[in-house]
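# Coordinate inspection notes
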Amino acid sequence: MVQRISREEVAHVARLAQLALNEDELDAFTSQLAAILDHAADLEALNVDDVEPSTHPFPLKNVLRVDEPGEGFEVEEVLEVAPEVEESQFRVPPILGES
Amino acid sequence: MNGWETVIGLEVHAELATKTKMFSSALNSFGGEPNSNTDPVSLGLPGSLPVLNEKAVELAIRVGLALNCQVQKSVFARKNYFYPDMPKAYQISQFDLPINKEGWLELPDGRRIGIERAHLEEDTGKITHVGGGGRIHEASYSLIDYNRSGVPLIEIVGAPDLRGPDDARDYVSELRSILVTIGASDGKMEEGSLRVDCNVSVRRDGAEELGTRCEIKNINSLRSLGRAIEYEAKRQIEIIESGQEVEQQTRHWDEAEGRTHKLRSKEEAFDYRYFPEPDLVPIEPSEEWVKEIGKSLPPLPRDRRHLLADAIGVEPTETSLIVQRDLDTFALQAISSNADKNRVLVHLENNLADGIGKLTPEAFASLTVMETNSELTATQTKTVLADLVESGGEPQEIAKSHGFESMDNSELEKIVDRIISENSDDWLSYINGDETERKKKSGFFVGLIMKETSGQADGKIVNQILSAKAES
């Protein structure tokens, strides 16, 4: 059977997520992800020509909230989880490139 | 640049004027203490779930309708990337099914610029790069404020229909004006509520195919937009003229250096792995809701330009400045009080740039009539206008208080005759001189007569009298 995902693709996705995987981990995740894709591929056995594509399992739409302020966090509370703090902000290592 | 055409398409992000964030009830507000407007959703804490803000959807539909788009059933999608401005490692955006698609915007000169889509997404936290003079590629560390994280945005993607820095600036001004008019955004570029990413490519004149484009980020003002486009077009032309090829890149505008820097190439471009957001259900606005929103839209800048232009009898290009200054209603009121239409246009454009103060449309109308009837000279009119703006009142009375009473023409003629007889040599050169000489002498006589009448004579009429006398 053809492997549904290559080791290179797994390495690429790991890099996008900024995950450092060693060689053993790469092998392990490649076979695990391939197993998941095999499982999903079972759907290919079904004829879905007459089924409209859906984006959500629940038949719901327009679930909306009124634009009214609610309770948020105190600044001190938020900054407790920051690795380092400067001027009420999260201080992080330099980042090259932009989002 | 000669022989080259610059092609520009803009992506404009505007923060929507809601009270709270897109997916949670934390405040959407600018300028507070960093990290003071957050909650589990804005910080992307595990287990938190987004709930869509109805007002954000309504404002997005307002934008879509104002830009002549089709409003459609839409779905949110996750745009995955790893960066500390987005702690949950994805941004909730829209991908293949945006809420608005295929519209257009009309520039003041009447050209229609295509709008490909206008979709909803959440804003990210704000990162400040510290060290290296704030430059992104030399920073020693970064600071993050999550107040902006989750603020609702509309991203408006324009077609590559713009052809130079002026076009780009006109487009952004017009778009900003529309967004502010319909109450969708405050449109403040200086506060980052309106941000522009700019796609630039160049091609030889007459070429059909588009060149390879670069996307420029970090443009913070209309001025930077123009400068960045000029720089980037020149850079690309130089590359092609030296026999090389432009590489598709994302570039960063550096305002201080006046140049763009490469951020990443196409190969390094983010692979966002979009997929439908499982935590949110589709939005399918009912026809009634869309219709109701459409009815609640105020007249748009384009309609207002046309309305005033038709009332005056000029092209809409000429009324665009007045609409931008929000003085078009005032102009129409003055016109319906029988103002001279052309003087209305001239004064509103040139002499009322700082606002109308206490000037009423009726007083303004009377003043333009006095001016066109030559009861006041151009200079006197300006003086009276300034007084009306400053303290209100009636133009007739203000003119009188300045001693600007119109001169009887027969009285003026007597003065002209006397001045001529007192300066007979100059008069002869006026009559017999060539055009230059006549102009010089005409200035001389008008000056003397103005002095004699303490500036009450109308220079135009004095000139008419002088040339009539020269011919008799």
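Cut-offs used in this document
Per chain, the residues get numbers from 1 upward, laid out in the order the sequence is written. Note on labels: chains are lettered from A, ligands numbered from 1, in written order. Only residues with pLDDT of at least 70 are given local features in this predicted model, and only at 80 or more are side-chain atom pairs given and counted; all residues enter the totals for whole chains, interfaces and linings. Going along the chain from the N terminus, every DSSP run of H or I of four or more residues is numbered as a helix, and every run of E of two or more is numbered as a strand. With C-alpha atoms as the basis for the radius of gyration, the globule rule is written as 2.2 Å multiplied by the number of residues raised to the power 0.38. In this scheme every C-beta is placed from the backbone, and a residue whose C-beta has 20 or more other C-beta atoms within 10 Å is buried, one with 12 or fewer is exposed, and one in between is partly exposed. Residue pairs are scored as contacts if the distance between their C-beta atoms, which are placed from the backbone, is within 7 Å. Strand pairing is assigned whenever DSSP detects at least two bridges linking the two strands. To estimate the expected span of a helix, count its residues, drop one, and scale the result by 1.5 Å. Each residue gets one label: Ala, Val, Leu, Ile, Met, Phe, Trp, Tyr, Cys and Pro are nonpolar, Asp, Glu, Lys and Arg are charged, and the others, such as Gly, are polar. Segment limits for the domains were obtained from an automatic or database-derived domain assignment.

## Focus: the overall build of chain B
What chain B contains, in helices and strands, is 15 helices and 15 strands. Its C-alpha radius of gyration of 30 Å places chain B more than 25% over the 23 Å reference for a compact globule of 472 residues. Projected onto its principal axes, the C-alpha positions of chain B cover 95 × 55 × 45 Å. Taking all 472 residues of chain B together, the buried fraction comes to 41%. Counting only contacts in chain B whose residues sit at least 6 apart along the sequence, the fraction spanning at least 24 positions is 68%.

## Focus on the environment of E5 of chain B
All names here are of chain B. Along the polypeptide, E5 turns up in strand β1 (residues 4–15). A C-alpha to C-alpha distance of 8.8 Å links E5 and A233, two positions 228 residues apart in sequence. Excluding residues that lie within four positions of it along the chain, E5 makes contacts with R163, V202, R203 and D205.

## Focus on the sheet that holds strand β9 (residues 141–145) of chain B
Read across the sheet, four strands follow the order β2(A)-β3(A)-β9(B)-β8(B) without closing on themselves; strand pairing throughout is antiparallel. The sheet terminates laterally at β2 (85–86) of chain A together with β8 (126–130) of chain B, the two strands that pair on one side only. Looking at chain direction, strand β3 (residues 89–92) of chain A and β9 of chain B are connected through three bridges and run antiparallel. When the sheet's bridge partners are listed, F90 of chain A is paired in β9 of chain B with I144 of chain B.

## Focus on helix α2 (residues 23–41) of chain A
Counted at 1.5 Å a residue, the expected span for α2 of chain A with its 19 residues is 27 Å, and the 27 Å between its end C-alpha atoms agrees. The buried fraction of α2 of chain A amounts to one of the 19 residues, a small share that puts the element mostly on the outside.

## Structural notes on the interface of chain B and chain A
Each partner contributes to the interface: chain B provides 47 residues, whereas chain A provides 36 residues. Where the side of chain B that touches chain A is concerned, the elements lending two or more residues are β2 (52–53), α1 (54–66), β9 and β14 (259–265) of chain B. No other element matches the five residues that β9 of chain B contributes to the side of chain B that touches chain A. For the side of chain B that touches chain A, the class distribution of residues is 23 nonpolar, 13 polar and eleven charged. Note: strand β1 (residues 64–65) of chain A against β2 of chain B, two bridges, orientation parallel. Paired with L64 of chain A across the two strands is L52 of chain B, which belongs to β2 of chain B.

## Digging into the domain arrangement of chain B
Residue and element names in this part refer to chain B. Segmentation of chain B into domains returns domain 1 (4–295), domain 2 (312–401) and domain 3 (409–471). Opposite the four residues of domain 1 that make contact, domain 2 presents four residues. When the residues that make up the side of domain 1 that touches domain 2 are grouped by side-chain class, the tally is one nonpolar, two polar and one charged.

## Observations regarding the sheet that holds strand β4 (residues 76–80) of chain B
Residues and elements named next belong to chain B. Read across the sheet, three strands follow the order β5-β4-β15 without closing on themselves; strand pairing throughout is antiparallel. Taken across any chain shown, the strands that pair with only one partner, and hence form the sheet edges, are β5 (90–94) and β15 (275–276). With five bridges connecting them, β4 and β5 associate as antiparallel partners. Its bridge partner lying in β5, F76 is registered against Q94.

## Concerning the environment of E44 of chain A
Residues and elements named next belong to chain A. Locating E44 in the fold gives a position in the loop between α2 and β1. Taking the number of C-beta atoms within 10 Å as the measure of exposure, E44 has 7 and is therefore exposed. Sequence spacing of E44 and I5 is 39 residues, and the spatial spacing of their C-alpha atoms is 17 Å.

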